[in-house]
Amino acid sequence: MVHLKHVRRDAPWAWLKAGWQDIVRAPRVTLGYGLIFVGVGALIVLGLNAIGFASAVPVALSGFALVAPALAIGIYQVPRAIERGEKPRFRFIISRFPSRLSQIGFLSLLLLMLFLLWVRIAQFLLVALAPDTPLLPGPFLEYALSDPAGLSLMVIGTAIGAILAAVAFSMSALAFPMLVDQDVDAVTALVASFKAVIGQPFVMLTWAWLIAFMMAAGSAVFLIGLAVTFPWVALATWHAYRDFSPEAAPSASSSASPSA
């Protein structure tokens, strides 16, 4: 049985505040971690442009949002080190592997399957609704905003993407930090995440919109903004887990977001 605490309705803002405090305490580690994934994202964008599939960049970036929780595993060592009174270093991320790697791998595989499903759906929609869509960024955007088929593609694609993103969020809201911190299996962590979303929908909907906004804002600034927003969201997610879990030690955000 998964038991979760109730948190305040404004808790997401406290999680963001606590996450930002972690960045201030360890800027080189956290921002360096973010820059690694900015580099990976930039290579993907450049690769898609090089092979003439620039119109697939939005699909790739939205797919990143689906699997991003799995990529944040390492940075959870930063707040753990701070809680222990240690100075966070990159070697903590590299050397302190979670003991439940198989469970983390299983959950990561589920997110990867969601991403692959999203790619297949996007391909199907492109062929079924707008087979004449130009692949270059400028013409694609003009076509998507002016042609009825392009508009249908954007509306339906956005709706399906939002559904898949909601599923991914519900799966991973608490699961990955729980697997890093506690001796539980992937199913228990999944149940905890879904239970938090279902049990406190207003709080978690607010948190989901904040995550979506921050990731979109980070991606909009030539991906460079993700160097800040990606680790910030990841660190805030750790504090969200700490506030929800009765098995976890008190979070740095607990004083700002006490249990109800």
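Residues numbered from 1 in each chain as written. Predicted model: local features only at pLDDT ≥ 70, side-chain atom pairs only at ≥ 80, totals over all residues. Heavy atoms only, no water.

1. As for the overall build of the protein
Now for step 1: Within the protein, the secondary structure is distributed over 12 helices and zero strands.
Now for step 2: Mapped from its N terminus to its C terminus, the protein presents α and β elements in the order α-α-α-α-α-α-α-α-α-α-α-α.
Now for step 3: The buried share among the 260 residues of the protein stands at 46%.
Now for step 4: Taking the intrachain contacts of the protein between residues at least 6 apart in sequence as the baseline, contacts between residues at least 24 apart amount to 74%.
Now for step 5: When the accessible area of the protein is evaluated, it comes to approximately 12,900 Å², of which 73% is carbon and sulfur surface. (Helix = DSSP H or I, 4+ residues; strand = E, 2+ residues; numbered from the N terminus. Buried < 20%, exposed > 50% of the residue type's maximum accessible area, 1.4 Å probe, protein only. Contact = heavy atoms within 4.5 Å. Areas by Shrake-Rupley, 256 points an atom, 1.4 Å probe, with all protein chains shown as cover.)

2. Quick notes on the packing of aromatic side chains
Now for step 1: With the rule as written, the count across this model stands at eight aromatic pairs.
Now for step 2: Plain terms: the ring middles of Y76 and W238 are 5.7 Å apart, the flat faces sit at 35 degrees to each other, and that makes the pair tilted. Of the two residues, Y76 is situated in the loop between α3 (57–71) and α4 (77–83) and W238 in helix α12 (residues 226–244); the sequence distance between them amounts to 162 residues.
Now for step 3: Judged by its relative accessible area of 2%, Y76 is buried.
Now for step 4: Members of the aromatic cluster, connected to one another through ring pairs, are W15, W207 and F244.
Now for step 5: Positioned over the ring face of F202 is R9, at 4.0 Å from the centre of the ring. (Phe/Tyr/Trp six-rings, centres within 6.5 Å; stacked < 30°, edge-to-face > 60°. Lys NZ or Arg CZ within 6 Å of the ring centre and 35° of its normal.)

3. Here's the deal with helix α11 (residues 201–220)
Now for step 1: Helix length check: α11, at 20 residues, gives a terminal C-alpha distance of 28 Å against a target of 28 Å (1.5 Å per residue), a fit within 8%.
Now for step 2: Among all positions in α11, only V203, M204, W207, L210, I211, M214, M215 and G218 are buried. The arc enclosing the buried residues of α11, seen along the axis, measures out at 125 degrees, which places them on a common side. Opposite the buried face of α11, at more than 90 degrees from it, the exposed residues are W209, F213 and A220. (Expected span 1.5 Å × (residues − 1). Arc of directions from axis to C-beta.)

4. Notes on the side chain of S172
Now for step 1: By secondary structure assignment, the location of S172 is in helix α8 (residues 148–172).
Now for step 2: On the basis of relative accessibility, which here comes to 8%, the residue S172 falls in the buried class.
Now for step 3: Only 2.7 Å separates the side chain of S172 from the backbone oxygen of A168, close enough to count as a polar contact.
Now for step 4: When near neighbours in sequence (up to four residues on either side) are disregarded, S172 contacts P69, L111 and S193. (Polar contact = N/O pair within 3.5 Å; in protein donor to acceptor, adjacent residues only side chain to side chain.)

5. A short note on the nonpolar core
Now for step 1: With 61 residues, the main nonpolar core has W15, M204 and W207 as its most contacted residues.
Now for step 2: A total of 11 residues in this core trace back to one element, the largest contributor, which is α12.
Now for step 3: In this structure W207 touches P12, W15, L16, F169, V233, A236 and T237, once residues within four positions along its chain are discounted.
Now for step 4: Counting residues in hydrophobic clusters, the runner-up holds five residues, among them L125, A130, F140 and Y143. (Core = buried A, V, L, I, M, F, W, Y, C linked by side-chain atoms within 4.5 Å.)

6. Quick notes on the pattern of salt bridges
Now for step 1: All told, the structure shown has five salt bridges when counted by the stated rule.
Now for step 2: Overlapping salt bridges bring together R80, E83, D181 and R242 as one network. (Salt bridge = Lys/Arg side-chain N within 4 Å of Asp/Glu carboxyl O.)

7. So, the confidence of the model for the protein
Now for step 1: When pLDDT is averaged across the protein, the result is 81; 83% of the residues are at 70 or more.
Now for step 2: The low-confidence segment residues 249–260, where pLDDT is below 50, has 26 contacts with residues more than four positions distant or belonging to other chains. (pLDDT = per-residue confidence, 0-100.)

8. Details of helix α6 (residues 101–129)
Now for step 1: Taking 1.5 Å per residue as the helical rise, α6 with its 29 residues ought to reach 42 Å, and the 41 Å between its terminal C-alpha atoms agrees with that figure.
Now for step 2: Among the residues of α6, I104, L107, L111, L114, W118, A122 and L125 are the ones counted as buried.

9. Remarks on the packing of α8 against helix α10 (residues 186–199)
Now for step 1: At a minimum axis separation of 6 Å, α8 and α10 run at an interaxial angle of 115 degrees. Judged by residue contacts, F169, S170, M171 and S172 of α8 engage L190, S193, F194 and V197 from α10.
Now for step 2: When its residues are assigned to classes, the contact of α8 with α10 shows five nonpolar, three polar and no charged. (Axes fitted to C-alpha atoms, helices over the stretch in contact; angles between N-to-C directions. Nonpolar A, V, L, I, M, F, W, Y, C, P; charged D, E, K, R; others polar.)

10. Details of the side chain of S193
Now for step 1: Residue placement: S193 occurs in helix α10.
Now for step 2: The class for S193 is buried, based on a relative accessible area of 0%.
Now for step 3: In contact with S193, other than residues within four places in its own chain, are S170, M171, S172, A173, L174 and A175.

11. Some words on a nonpolar patch on the surface
Now for step 1: Taken together, the side chains of I36, V40, I44 and F90 present a nonpolar region at the surface, about 330 Å² in accessible area.
Now for step 2: The dominant element in the nonpolar patch, judged by the number of residues it contributes, is helix α2 (residues 27–50), at three residues.
Now for step 3: Residue placement: F90 occurs in helix α5 (residues 90–95).
Now for step 4: For F90, a relative accessible area of 33% translates into the label partly exposed. (Patch = residues over 30% accessible without salt bridge, like charges linked within 9 Å, V, L, I, M, F, W, Y side chains within 5 Å.)

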